[in-house]
Amino acid sequence: QHSVGAAQQAQAQQQQAQSMPEADSAPRRSHEDVAAESRAAWAAEDEAAARRGAGEAAVGSAGCFGDERLLLFPQRLMNVPILQESAVVTEDMQADQEAHQSSLGEGESGEDARAARSAPMLTADMSAFKAANPGATLGDFVRWHSPRDWLHHPPPGCLSPRMAHPGNAWQVLWAAAPAAA
């Protein structure tokens, strides 16, 4: 009786398999095959990341910034972003801009006014840097854009007190800047 039930079950499975569309009749891949394919895909991604880290130009990159490496990803070289061109200005316009900057004063309000005036271009530079250096931090950007604001001691270094001050305009802009080449 047991063998009759098994024979009927086998016949039912065979009929079900024959009634399935051709797409489903492809041989089933084993769990080991799927795992091996996944490992191969991960290895390819790791290899591509290593090539980028070894100097392959990222999207929006003009090449490596010497032998500087990203703070959170020391296997990746820091890339120099391709930046937007500044607007063309005449000598008269340049003189007017310098006079306006001087009139803002030296205090905190003057610094804030200068920061607000330069925010669009600084944000564009930050966006380009983020696109050229996925995973970069504000510290990485400061090391490239404003090296005097990166203190090298103690290693690996830190932001200057000006940049580290809570609510600093650069921190606010960095947090809001999208990665865009």
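Please read all numbers here as calculations on a predicted model, not as lab measurements.

Student: I would appreciate a short explanation of the pattern of salt bridges in the present structure.
Tutor: Evaluation of the coordinates by the stated rule reveals three salt bridges. The shortest N-O distance in the salt bridge between Glu68 and Arg143 comes to 2.6 Å. You can see Glu68 sitting in strand β1 (residues 61-69) and its partner Arg143 sitting in helix α5 (residues 138-145), a full 75 residues away along the chain. The class for Glu68 is partly exposed, based on a relative accessible area of 32%. Of the charged contacts in the structure, one is a salt bridge between Arg162 and Asp149, with a shortest N-O distance of 2.5 Å. Separated by 13 residues along the polypeptide, Arg162 in helix α6 (residues 161-164) and Asp149 in the loop between α5 and β3 (150-151) bring together distant segments of the chain. Residue class for Arg162 comes out partly exposed when judged on its relative accessible area of 38%. Taking the relative accessible area as the measure of exposure, Asp149 reaches 3% and is therefore buried. Within this structure, Glu68, Asp140 and Arg143 form a network of salt bridges that share partners.

Student: Help me out: how do you make sense of the nonpolar core in this one?
Tutor: Proteins that are soluble and globular tend to have nonpolar side chains buried together. Within the largest apolar cluster, 17 residues are counted, with the highest numbers of intra-cluster contacts made by Met126, Phe129, Phe141, Trp170 and Trp174. Of all the elements in the fold, those that place two or more residues in this core are α4 (108-132), α5 and α7 (169-176). In contact with Trp174, other than residues within four places in its own chain, are Met126, Phe129, Lys130, Ala136, Thr137, Leu138 and Phe141.

Student: Sorry, what's going on with unusual backbone geometry here?
Tutor: Note: most residues except glycine have negative phi, and most peptide bonds are trans. With an omega of 0°, the peptide bond between His153 and Pro154 qualifies as cis. With respect to the secondary-structure elements, Pro154 resides in the loop between β3 and β4 (158-159). Residue Pro156 is bonded to the preceding Pro155 through a cis peptide linkage, with omega at 5°. Of note, Pro156 is situated in the loop between β3 and β4.

Student: Just checking my understanding: could you explain the packing of aromatic side chains for this structure?
Tutor: The way to describe two aromatic rings as a pair is by their centre distance and the angle between their planes. Within this structure, the stated rule accounts for six aromatic pairs. Residues Phe141 and Trp170 carry aromatic rings whose centres are separated by 5.8 Å and whose planes lie at 55° to one another, so their mutual orientation is tilted. Of this pair, Phe141 sits in helix α5 while Trp170 sits in helix α7; the two residues are 29 residues apart in sequence, bridging distant segments of the chain. By relative accessible area, Trp170 is classed as buried at 14%.

Student: Got a minute to help me understand the environment of Pro161 in this structure?
Tutor: If you trace the backbone, Pro161 turns up in helix α6. On a C-alpha basis, the gap between Pro161 and Trp150 in space is 9.4 Å, while along the polypeptide they are 11 residues apart.

Student: Whenever I open this one, the confidence of the model for the chain confuses me. Can you help?
Tutor: When pLDDT drops low, the exact placement of atoms in the prediction is not to be read closely. Here the chain averages 77 in pLDDT, while 69% of its residues score no lower than 70. Within the chain, the element-level pLDDT minimum falls on helix α2 (residues 31-53), averaging 47, and the maximum on α5, averaging 97. Below pLDDT 50 for its whole length, residues 19-26 participates in zero contacts with residues either more than four positions away or in separate chains. This stretch, residues 48-57, has a pLDDT under 50; its non-local contacts, to residues over four places away or in other chains, come to nine contacts.

Student: Can you walk me through α4 in this structure?
Tutor: For an α-helix the count is 3.6 residues per turn, leaving residues at separations of three or four pointing the same way. Its axis deflected by about 55° at Ala119, α4 carries its strongest bend there, up to four residues before the proline Pro120. Among all positions in α4, only Gly110, Ala119, Leu122, Ala124, Asp125, Met126, Ser127, Ala128, Phe129, Lys130, Ala131 and Ala132 are buried. In this structure, the buried residues of α4 make contact with β1, β2 (77-81), α5 and α7.

Student: It is not clear to me how a negative patch on the surface should be interpreted in this structure. Could you clarify?
Tutor: A cluster of acidic side chains, namely Glu106, Glu108, Glu111 and Asp112, defines a negative patch on the protein surface. Residue placement: Glu108 occurs in helix α4. Owing to a relative accessible area of 64%, Glu108 belongs among the exposed residues under this scheme.

Parameters and conventions
- Residues numbered from 1 in each chain as written.
- Predicted model: local features only at pLDDT ≥ 70, side-chain atom pairs only at ≥ 80, totals over all residues.
- Heavy atoms only, no water.
- Salt bridge = Lys/Arg side-chain N within 4 Å of Asp/Glu carboxyl O.
- Helix = DSSP H or I, 4+ residues; strand = E, 2+ residues; numbered from the N terminus.
- Buried < 20%, exposed > 50% of the residue type's maximum accessible area, 1.4 Å probe, protein only.
- Core = buried A, V, L, I, M, F, W, Y, C linked by side-chain atoms within 4.5 Å.
- Contact = heavy atoms within 4.5 Å.
- Phe/Tyr/Trp six-rings, centres within 6.5 Å; stacked < 30°, edge-to-face > 60°.
- pLDDT = per-residue confidence, 0-100.
- Bend = angle between axes of the 7 residues up to and from the residue.
- Patch = residues over 30% accessible without salt bridge, like charges linked within 9 Å, V, L, I, M, F, W, Y side chains within 5 Å.
- Areas by Shrake-Rupley, 256 points an atom, 1.4 Å probe, with all protein chains shown as cover.
- Lys, Arg positive; Asp, Glu negative; His and termini not counted.
- Charge placed at Lys NZ, Arg CZ, Asp CG, Glu CD.

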